[in-house]
Amino acid sequence: MINFSLNLKTRIHFGRGAVSNLKSELQPYKKILLVTGSGSVKKYGIYDAVMTELSSADKEVFEISGVKPNPSIDSVYAGIKICKEKNIDFILALGGGSVIDAAKAIAAGVVYDGDVWDLYLDGSKLIDALKTGAILTIAATGSESNGNSVITNEKTTEKLPLRNNILRPEFAILDPSYTFTLPPIQTAAGVSDIMAHVFEQYFSPTKDAFLADRLCEATLKTCIKYGPILMKEPENYEARAEIMWASNIALNGILTCGKITDWATHMIDHELSAYYDLNHGIGLAILFPNWMNQVADESRLWKFKDFAINVWDLPVSMSDRELADASIQKTREYFNGLNLPSKLSEVGIDDKYFEIMAENIIRRKTNGNFKILDKEDVVEIYRLSL
Ligand code: NZQ
Ligand code: ZN
């Protein structure tokens, strides 16, 4: 196990009616900026429930809505402007990873003396941020209690992450019933993203991280059990609760403890999102089995053996090669069962930018650790995904 530091500062309020904790959480603040997406929270009544709490808390509330999936730096600039004009002292995100990531970017940008995009190009420039809180409406990213923010700059065709514990929200409100209204494809994309987060941490060159690996396997098994239930029963509270908790565990930092992580597939997907505005979880479901095929050579079969036996319950009597191939096949079949696309061509993507996107990944040194990919590997993963 390698050394680690862990900061889990976000207070979590989990369960039906958890929004009742909002008033006490906001007690220290006066002027709140509420950040929302393209309207789902208003359509399905979540916004009204939150506004009721906010009005009883007697806060001055300003709003910015319309943050879109793969949030744009332009919505961040708009939020920073309001914060400066109105002297906002707290930012409350109500939505999914896109809304929460935009809220974090606004929080960082308000106190940064320069263009907030600088922080995404060079994370060491982030030294402070306004405080944030998150009310989650889709189980996927874990952004509600981690220090990450991923923002798209359409002008430069870049989608880049910023990672810093300063960005961890003060609190997260996780009410599984808020996710009942998700369209099936968003539920499935969320499950794919959760599993992808675990894969990025599970498939590691660190061989002696027993506990972290077993926690990863339990999180994957939770997704494998409850994802298909949600496809049939979107209002199954227990299934929504298990998936929501899995999404938090998958990327709150705990699964990373003691090991080196990979993250190449996320970066391969972020390139696709930057060029094509592709949904994050859909991209990952297409890419991940192909990344697995590309890296599952003799020297890495040991990990796929664990994956096959402990996650997919495949028989120990199979050879290591058979176990690896069968576990990758099971992963693809699982995503197919959630009705997720399995090819880039299904989502309108061709090979036009494969070389450029691969070069970007190598140049930024975001080419993984389980196997350190070269440019040809990345292009091959794109090609296998076509
Ligand atoms: O915009 P609205 O109207 O809210 O609709 C959203 C959006 O269309 C809809 N939705 C959300 N909650 C709903 C709902 N529809 C009905 N009922 C509800 N309760 O779902 C759509 C997707 O929302 P989005 O916030 O984009 O989803 P997600 O949470 O998957 O976030 C994806 C973004 O997060 C980034 C991704 O790259 C992507 O930009 N990530 C952030 C990470 C982090 N901060 O740690 C890590 C991830 O790996 C990821 O990169
Ligand atoms: Zn992700």
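Numbering of residues starts from 1 in every chain and runs along the sequence as written. Key to labels: chains lettered from A, ligands numbered from 1, both in the order written. Where local features are concerned, this predicted model is filtered to residues with pLDDT of at least 70; where side-chain atom pairs are given and counted, the filter is 80 or more; whole-chain, interface and lining totals use all residues. To get the side-chain values, all heavy atoms of the structure are used, and hydrogens and water are removed first.

Draft legend 1. Here's a closer look at the sheet that holds strand S5 (residues 132-136). Taken in spatial order, the 6 strands make up an open sheet running S1-S8-S5-S4-S2-S3, and their pairing is parallel. The open sheet has two edge strands, strand S1 (11-14) and strand S3 (60-64), and neither has a second partner. Ignoring strand direction, the axes of neighbouring strands in this sheet form an average angle of 20°. The pairing of strand S2 (residues 31-35) with S3 spans 5 bridges and is parallel. Within the sheet, the bridge partner assigned to Ile-32 lies in S3 and is Val-61. Where helix H4 (residues 73-86) meets the sheet, its contacts fall on S2, S3 and strand S4 (90-95), and the angle it forms with S3 comes to roughly 160°. Against the sheet, helix H5 (residues 97-111) engages S2, S4 and S5, with an angle of about 165° to S4. If DSSP finds at least two bridges between two strands, the strands pair. Counting from the N terminus, the helices are the DSSP runs of H or I reaching at least four residues and the strands are the DSSP runs of E reaching at least two. Geometry is summarised by axes, namely lines fitted to C-alpha atoms with helices restricted to the contacting stretch, and by angles between N-to-C directions that run from 0 to 180 degrees. It only takes one pair of heavy atoms within 4.5 Å for two residues to be counted as in contact.

Draft legend 2. Structural context of the environment of Leu-386. Structurally, Leu-386 can be placed in the segment after helix H15 (375-385). Given a relative accessible area of 31%, Leu-386 falls into the partly exposed group. Other than its neighbours up to four places away in sequence, Leu-386 contacts Lys-343, Leu-344, Ser-345, Ile-349, Asp-350, Asp-351 and Phe-354. Burial classes: relative accessible area under 20% of the type maximum marks a residue as buried, over 50% as exposed, and values in between as partly exposed (1.4 Å probe, protein chains only).

Draft legend 3. Layout of the packing of helix H8 (residues 210-232) against helix H9 (residues 237-250). Contact geometry of H8 with H9 gives a least axis separation of 9 Å together with a crossing angle of 145°. Every pair of crossing elements has a handedness; the one defined by H8 and H9 is left-handed. On H9, the residues touching Thr-219, Thr-222, Cys-223, Tyr-226, Gly-227, Ile-229 and Leu-230 of H8 are Ala-239, Arg-240, Glu-242, Ile-243, Ala-246, Ile-249 and Ala-250. Any residue that is not Ala, Val, Leu, Ile, Met, Phe, Trp, Tyr, Cys, Pro, Asp, Glu, Lys or Arg is counted as polar, Gly included; the first ten are nonpolar and the last four charged. Here the residues of the contact of H8 with H9 are counted per class, giving 9 nonpolar, 3 polar and 2 charged. Crossing chirality is assigned from the near helix's rotation relative to the far helix, an anticlockwise turn below a right angle marking it left-handed and a clockwise turn marking it right-handed.

Draft legend 4. Local environment of the site of ligand 1. Here a residue is near a molecule or strand as soon as one of its heavy atoms is found within 4 Å of it. Among the 32 residues in the neighbourhood of ligand 1, the closest are listed as Ser-40, Gly-97, Ser-98, Asp-101 and Lys-159. Ser-38 is positioned with one of its backbone polar atoms (N or O) 2.8 Å from an oxygen atom of ligand 1. Gly-39 is positioned with one of its backbone polar atoms (N or O) 3.1 Å from an oxygen atom of ligand 1. Burial of ligand 1 by the surrounding chains reaches 91%, relative to a free accessible area of 950 Å². Among the residues making up the shell around ligand 1, the classes are represented as 10 nonpolar, 19 polar and 3 charged. Each domain's limits were defined by an automated method or a database of domain assignments. Looking at which domains feed residues into the shell around ligand 1, each of domain 1 (11-178) and domain 2 (184-384) supplies at least three. N or O atoms closer than or at 3.5 Å make up a polar contact, with two conditions inside protein: a donor-capable atom paired with an acceptor-capable one, and, for residues adjacent in sequence, both atoms drawn from side chains. Accessible surface is estimated by sampling points in the Shrake-Rupley manner with a 1.4 Å probe; for residues, cover comes only from the protein chains shown.

Draft legend 5. The domain arrangement of the chain, seen in detail. The assigned domain composition of the chain is domain 1 (11-178) and domain 2 (184-384). Between the C-alpha centres of domain 1 and domain 2 there is a distance of 26 Å. Taken together, the 29 residues of domain 1 in the interface contact 25 residues of domain 2. Note on domain 1 versus domain 2: buried area summed over both sides is about 2,200 Å², and carbon and sulfur give 59% of it. The term buried area denotes the loss of accessible surface (1.4 Å probe radius) that occurs when two parts are joined, taken as the sum for both partners.

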